[in-house]
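# Per-entry structural report
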Amino acid sequence: MKLDIVKFRFWCLALSALLLLPGIVGMLYSTVVTPTHTPLRVGIDYTGGTTLQYGVKKDITNDKIAELRNNLENAGIENPLIQIINVNVAKDNTDLKSMISIRTKFIDSKSDTQQKITQTIQKNYPNAELVQVSSVGPTVGKELFKNSLIALTLALLGIICYLTIRFQFDYALAAILGLVHDVVFVCGVFALMGIFYGVEIDALFVTAILTVIGFSVHDTIVVFDRIRENLRYYAKKMSFSEIINYSINQTLTRSINTSLTTLITLFALYFFGGVTTKDFVLAMILGIAIGTYSSIFFCSVLIDIWKDKDNQTHKPTPSVQPAV
Amino acid sequence: MKNRIIMFWGIVVLVLISLVLILTKPTKLGLDLVGGSRLVLEAQTTNSIAKITPDMMDSLMFAIENRVNKLGVAETVVQRSGENRLVVEIPDVSDLEQAKAFIGDTAELEFKAPKGDAEYTTEWVSTGLTGKDLSKANLSTNASNGQWVVDLEFNATGTRKFAKLTRELVGKPMAIFFNGELQSAPVIREPIMEGRAQISGGDNGFQYEEAKKMVDLLNAGALPVPAKIIEENTVGPTLGADSIAKSRIAGIIGLGLVMLFMIVYYRVPGIIADLALCIYGLILFAIFKTIPVTMTLAGIAGFILSIGMAVDANILIFERTKEELRAGRTLFTAINTGFDRAFTSIFDSNMTTIITCVILYCLGTSIVKGFALTLALGVVVSMFSAITVTKNFMLLIFGTKSLTNPALFGLRTDEIGQGYQVTETKKENAKFGIID
């Protein structure tokens, strides 16, 4: 198998644009439409609020939501957000079938709102058991959001510094653009999922994004490492574009195999793992798939285009280039 | 060869130590796996307390610890977090609502003097005598009317302050406030020197529950500053059991498939990689138990991801070795060059992961921290296992012989040695791993 990436480099960029565009549109749409004005639907971790989850031992269909909402509103709960989560059927020691997740404003520990909700739920589902409570104060949410952004920025700076030292600034920049490419893709998909399925991002999502960053750079570096090595040996024999093509093809099997093994474990987690980490795992699956794509079809192409530009501006050697 | 055998036994010893550690040490499971409650309390500033000092936090922590211990649940954790926060973790709490109310409830006892000289006043000023000056509170009944009352005993400073206060207030009322509410305002007849006082519930007296709660709160130590629960995460034991069972199944299936893939694709080196992977798992698990790292759902996810990266190191090495074999190098040279060349990629890529993990660990919340720690440890151990375990086993098995059967590496016979045309390396040089 031999891929001629450099020949089709503009097609590669076009494909990247095509992959990212729906997500970017989704994020813009979400920023305008959602009450929080964020590109993604954010959960209580960022907005503050309380989520109560009840485990029920029978299947609940989505059409029961309206009834539940009515009951809760009658009990004096303002704007409860209700979701039914279907629990994977796996062989284990519990027989939870569905979970009812109810999100409200932040419930103060001194109020009796929580009992009210539990009573209302148990009217419909006598066996419902409160299995999870998360509550985040309004100020904590903002702080978490700020801290997440700071962590992200610092992680990027750290990676840029390391790559500039080990490679060159060009390569560092390409790797960073590659990871932005990947992060935008994953965020875009989640923005669309937020619009169509009401999926919200939580504190774990940031973890997933940071993992995607780590993996994306990991993948890109393996290719760059090969380019760096080949440049050392073949710089005089081959053109830069040839070296890039050559390096990509040399690392192709490895890139595919590595993604494959990581994806195998992640898919196992997705299909057989707990329900609470599903979205988290999905974000990583998307990120790792796109990370492999971008390391082959995006980052290397960027380097090639930049090098071409460099050669044209710095070395206008008319003796080599035929006059037009 | 001798070094390799020493190394081999070194690895065996390491595995044995890991096994012993795994079998003897308990696994620390996070609250999201066993069920339990994690509360974040924030110290609140009030009119009288403008700034939360570290000293205040120390005594708040002490008071909260006292209260948490009174719940009678094993393995509770109270930790400082940031400047004005405490994280409280309570596993398996049966009545969370009550526990929460008890932990977060303030027990502000204050003795106040009337403002001005008026005999009947509704305005009071602080005297500096508070719940901090108590040594003990008791529940008892008033001998004359049988109502429930709370007996207070002051400590040495409290006794002095109380004596001074009562001396000044002879003939005037002294108000006792509990959590900002006036409980009673007895008129002081004479100075009280022995450091005892009593709170009666005013004209109606206290209900038993009311008085009992007040005594419990006062004895558990008044919170020096009011604290509020600002974050809560509770997982019921059912969901915890569900998560742990499922993560286990997912882990076994995922790992099994990865191992199968490695053997099918890489043949004998694949078996070595799987062995290295098992050793990697054992060492890492032993480290988790020794530190100890609390296993949470996010932590398990980090662990599984690190398996992916551990496999990657092996894949990089094998692909490089295969390339060297294709280029016509001897097995021994191919393995050695394969490792050396793959190492820079492994090192650089893993370093960036570690950098990200360190930043996450320093800035992240507790969920993110658990993830970052397991991933970083996983990456470090995976580098160790790839460099020592995989390399050593490869050299032990293949080191001395030449490759008679390329299928052992998943290569076709006609692939061997074809690389000369591609790399233009001279055959004599290639044998020694030299590239021109």
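Counting restarts for each chain, with residues numbered from 1 along the sequence as it is written. Chains carry letters from A onward and ligands carry numbers from 1 onward, assigned in written order. Reporting in this predicted model follows two pLDDT cut-offs: at least 70 for local features of residues, and 80 or more for side-chain atom pairs to be given and counted; totals over whole chains, interfaces and linings ignore these cut-offs and use all residues. Here the side-chain values reflect all heavy atoms present in the structure, with hydrogen atoms and water set aside.

Glancing now at the sheet that holds strand β7 (residues 148–154) of chain B. Residues and elements named next belong to chain B. Here three strands make up an open sheet; going across it, the order is β6-β7-β10 and the pairing antiparallel. Every interior strand has two partners, whereas the edge strands, β6 (134–141) and β10 (196–200), have only one. Strand-to-strand twist across the sheet, computed as the mean angle between neighbouring axes with direction ignored, equals 25°. In this structure, β7 lies alongside β10, joined through five bridges in antiparallel fashion. Bridge pairing links Glu153 to Arg196 in β10. Two residues form a contact once any of their heavy atoms are found within 4.5 Å. Angles shown run from 0 to 180 degrees and are taken between the N-to-C directions of axes, each axis being a line fitted to C-alpha atoms and, for helices, limited to the stretch in contact. For helices the rule is a DSSP run of H or I covering at least 4 residues; for strands it is a run of E covering at least 2, with both sets numbered from the N terminus onward. Packing against the sheet, helix α5 (residues 156–168) makes contact with β7 and β10, and its axis sits at approximately 105° to β7. The strands that helix α6 (residues 208–219) touches are β6, β7 and β10; relative to β6, the one it contacts most, it runs at about 165°. Paired strands, in this sense, are two strands between which DSSP finds at least two bridges.

Okay, the nonpolar core next. Ranked by internal contacts, the top residues of the largest apolar core, which has 138 residues, are Leu163, Phe190 and Phe224 of chain A together with Met262 of chain B. With near-sequence residues (within four places) excluded, Leu163 of chain A lies in contact with Gln168, Ala172, Ala175, Val217 and Ile221 of chain A together with Thr352 of chain B. By nonpolar core is meant a set of buried Ala, Val, Leu, Ile, Met, Phe, Trp, Tyr and Cys residues that side-chain atoms within 4.5 Å join together. The cut-offs for exposure are 20% and 50% of the maximum accessible area for each residue type, with area from a 1.4 Å probe on protein chains only; residues under the lower value are buried, those over the upper are exposed, and the others partly exposed. Phe178, Ile188, Ile199 and Val215 of chain B belong to the second-largest nonpolar core, a separate cluster that totals 24 residues.

This paragraph deals with the confidence of the model for chain B. Residues and elements named next belong to chain B. Confidence per residue, as judged by the predictor, is encoded in pLDDT with a range of 0 to 100. Per-residue confidence for chain B gives a mean pLDDT of 79, with 86% of residues at or over 70. Element-level pLDDT for chain B is lowest in helix α11 (residues 419–423), with a mean of 42, against a maximum mean of 90 in helix α1 (residues 2–24). For this predicted complex, the interface confidence score (ipTM) comes to 0.78, while the overall pTM stands at 0.75.

Turning to the domain arrangement of chain A, a few remarks are in order. Residue and element names in this part refer to chain A. Segmentation into domains, and thus their bounds, comes from an automatic or database assignment. Per the domain assignment, the segments making up chain A are domain 1 (6–38 + 140–312) and domain 2 (49–136). Of the residues lining the interface, twelve residues belong to domain 1; the matching set on domain 2 comes to nine residues. For any pair of parts, buried area is found by adding up, for both, the accessible area (1.4 Å probe) each one loses once the two are put together. Interface of domain 1 and domain 2: buried area, both sides summed, is about 610 Å²; carbon and sulfur atoms make up 49% of it. In terms of surface lost to domain 2, no three residues of domain 1 exceed Glu200, Val275 and Thr276, which account for 58% of the buried area on that side.

Before going further, it helps to spend a moment on the environment of Leu13 of chain A. All names here are of chain A. Looking at the element boundaries, Leu13 is found in helix α1 (residues 9–33). Residue classification places Leu13 among the partly exposed positions, given a relative accessible area of 23%. Distance from Leu13 to Lys309, taken between C-alpha atoms, is 16 Å for residues 296 residues apart in sequence. The residues contacting Leu13, other than those within four sequence positions of it, are Phe298, Val301 and Ile305.

A few words now on the environment of Phe8 of chain A. Residue and element names in this part refer to chain A. Relative to the assigned elements, Phe8 resides in the segment before α1. Overall, the relative accessible area of 43% leaves Phe8 in the partly exposed class. Along the primary structure Phe8 and Val301 are separated by 293 residues, whereas in three dimensions their C-alpha atoms are 9.2 Å apart.

Below, the discussion takes up the interface of chain B and chain A. Contacts between chain B and chain A engage 69 residues on the former and 77 residues on the latter. Each partner contributes to the roughly 6400 Å² buried at the junction of chain B and chain A, and carbon and sulfur atoms together form 64% of this total. Broken down residue by residue, the surface that chain B buries against chain A is led by Leu239, Lys246 and Asp348 of chain B, which jointly contribute 10%. In what follows, salt bridge is the name for a side-chain nitrogen of Lys or Arg lying within 4 Å of a carboxyl oxygen of Asp or Glu. Here Glu229 of chain A and Arg341 of chain B are joined by a salt bridge, their closest N and O atoms 3.2 Å apart. In protein, a polar contact means a hydrogen-donor-capable atom and an acceptor-capable atom, both N or O and within 3.5 Å, with residues adjacent in sequence counting only if both atoms are side-chain atoms; elsewhere, any N or O pair within 3.5 Å suffices. In this assembly, chain B and chain A are joined by 13 residue pairs in polar contact (both at pLDDT 80 or more). For the side of chain B that touches chain A, the secondary-structure elements that each account for two or more residues are α4 (96–104), β11 (227–235), α7 (237–290), α8 (297–326), α9 (331–363), α10 (366–398) and α11 of chain B. Looking at which element gives the most residues to the side of chain B that touches chain A, the answer is α7 of chain B, with 17 residues. Three residue categories are used. Nonpolar comprises Ala, Val, Leu, Ile, Met, Phe, Trp, Tyr, Cys and Pro, charged comprises Asp, Glu, Lys and Arg, and polar comprises the others, including Gly. The class makeup of the residues in the side of chain B that touches chain A is 35 nonpolar, 17 polar and 17 charged. Both strand β4 (residues 129–136) of chain A and β11 of chain B contribute to a ladder of five bridges, which runs antiparallel. What sits directly across from Val136 of chain A, in β11 of chain B, is Glu231 of chain B.

Residues and elements named next belong to chain B. One open sheet accounts for four strands, arranged β5-β4-β8-β9; its pairing is antiparallel. A strand with exactly one partner marks an edge of an open sheet, and here the two such strands are β5 (124–130) and β9 (181–184). The mean angle between the axes of side-by-side strands here comes to 40°, regardless of whether they run parallel or antiparallel. Of the strands in this sheet, β4 (109–114) and β5 are in contact with α5, which crosses β5 at around 150°.

What counts as a ring pair is set by centres within 6.5 Å for rings of Phe, Tyr and Trp (its six-membered ring), and what kind of pair is set by the plane angle: stacked under 30 degrees, edge-to-face over 60, tilted for all other angles. One pass over the structure, following the stated rule, counts 18 aromatic pairs over all chains. Arranged with centres 6.0 Å apart and planes meeting at 70°, the rings of Tyr234 of chain A and Tyr246 of chain A form a pair that is edge-to-face. You can see Tyr234 of chain A sitting in helix α7 (residues 203–234) and its partner Tyr246 of chain A sitting in helix α8 (residues 240–272), a full twelve residues away along the chain. Both residues of the pair, Tyr234 of chain A and Tyr246 of chain A, count as buried. For the pair Phe267 of chain A and Phe271 of chain A, a centre-to-centre distance of 6.1 Å together with 15° between the ring planes defines the contact as stacked. Taken together, the residues span about one helical turn, with Phe267 of chain A and Phe271 of chain A both in helix α8 at a distance of four residues. Here the aromatic cluster, defined as three or more aromatic residues joined through ring pairs, consists of Phe261, Tyr265, Tyr266 and Phe318 of chain B. Lying across the ring of Phe240 of chain A, Lys307 of chain A places its NZ or CZ 5.1 Å from the centre. In this arrangement the basic side chain of Lys369 of chain B is found over the ring face of Tyr361 of chain B, its NZ or CZ atom lying 5.8 Å from the centre. For a ring to carry a charge above it, either NZ of a lysine or CZ of an arginine must fall within 6 Å of the ring centroid while also lying within 35 degrees of the normal to the ring plane.

Attention now goes to the pairing of strand β1 (residues 49–56) of chain A. Residues and elements named next belong to chain A. Among the eight residues that make up β1, eight are buried, leaving the element largely enclosed by the rest of the structure. Side chains of β1 alternate between two faces, with Gly49, Thr51, Gln53 and Gly55 and Thr50, Leu52, Tyr54 and Val56 buried alike. Two strands pair when backbone bridges link them, and β1 and β4 are joined in this way by seven bridges, in the antiparallel orientation. Directly across from Tyr54, in β4, lies its bridge partner Leu130. Where β1 meets strand β3 (residues 98–104), seven bridges bridge the pair, whose relative direction is antiparallel. Along β3, the bridge assignment pairs Gly55 with Met99.

With that settled, the discussion passes to the side chain of Asp182 of chain A. All names here are of chain A. Here Asp182 is to be found in helix α6 (residues 169–197). By the counting scheme adopted, Arg and Lys are positive, Glu and Asp are negative, and His together with the chain ends is not counted. Arg254 provides the closest opposite charge to the buried, salt-bridge-free Asp182, at an N-O distance of 12 Å. In this structure, Asp182 is in contact with Val212, Ser216, Ile290, Gly291 and Ser294, ignoring residues within four places of it in sequence.

Our focus in this paragraph is unusual backbone geometry. Residues and elements named next belong to chain B. The omega torsion of the bond from Ile291 to Pro292 falls at -15°, within 30 degrees of zero and hence cis. Residue position: Pro292 is located in the loop between α7 and α8. Backbone geometry places Arg267, a non-glycine residue, at a positive phi of 55°. By relative accessible area, Arg267 is classed as partly exposed at 40%.

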